[in-house]
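Analysis of the macromolecular model
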Amino acid sequence: MLLPFVLAALTAPVPAASAPAAAATIHIENFTFVPSTVTVRTNQSVTFVNDDDEAHTVTAKDKSFDSEGLDSQRSWTHVFTQSGTFAYFCELHPSMKATIVVAGAAAKPASR
Ligand SMILES: [Cu+2]
């Protein structure tokens, strides 16, 4: 029967068949984003995993992204389409700060 296969496909954790794996994974542990600085390229995704028992958020200082409440053991994935350096923090614990650097696409000439 096809049904079990279809159900498995629908419940698979991968959001879309063509979506690449996250370029980076950042863990939230002990009220800290680990690692504190991550560099990806445009259109790559970053997955944040909350390993703490507390809820946290992943919120851009410029509000360009916001996970909203991320409960314990939950993860959230964001695709970065704009290059730049993005400071982010946890809205619940504003002393938790970290940075995502989004470099230009591979086809773009490097400046160094
Ligand atoms: Cu927090």
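Heads up: these notes are all about the structure in this document. (Residues numbered from 1 in each chain as written. Predicted model: local features only at pLDDT ≥ 70, side-chain atom pairs only at ≥ 80, totals over all residues.)

1. Examining unusual backbone geometry
Of note, the bond from Val34 into Pro35 is cis; its omega dihedral lies within 30 degrees of zero at -5 degrees. Positionally, Pro35 belongs in the loop between strand S2 (32-34) and strand S3 (37-41). One non-glycine residue, Phe31, lies in positive phi territory at about 60 degrees. With respect to the helices and strands, the residue Phe31 is situated in the loop between strand S1 (24-29) and S2. For Phe31, a count of 13 C-beta atoms within 10 Å corresponds to the partly exposed category. Despite not being glycine, Glu68 has its phi angle at roughly 60 degrees, a positive value. Tracing the sequence through the fold places Glu68 in the loop between strand S5 (59-60) and strand S6 (75-80). (Helix = DSSP H or I, 4+ residues; strand = E, 2+ residues; numbered from the N terminus. Buried ≥ 20, exposed ≤ 12 C-beta atoms within 10 Å, placed from the backbone.)

2. Quick notes on the nonpolar core
Core analysis: the largest hydrophobic core is formed by 15 residues, its most contacted members being Phe33, Val46, Phe48, Val58 and Ile100. Every element with two or more residues in this core is listed here: S1, strand S4 (44-50), S6 and strand S8 (97-103). Considering each element in turn, this core owes the most residues, 3 residues, to S8. Val58 has contacts with Phe48, Ser67, Leu70, Trp76 and Tyr88, leaving out every residue within four places of it along the chain. (Core = buried A, V, L, I, M, F, W, Y, C linked by C-beta atoms within 7 Å. Contact = placed C-beta atoms within 7 Å.)

3. What about the sheet that holds S8?
In spatial order, the strands read S3-S8-S7-S5; together these 4 strands make up an open sheet with mixed pairing. Either end of the sheet is taken by a strand with one partner, and the two such strands are S3 and S5. Sheet analysis places S3 next to S8, joined by 5 bridges and oriented parallel. What sits directly across from Val40, in S8, is Val102. (Pairing = 2+ DSSP bridges.)

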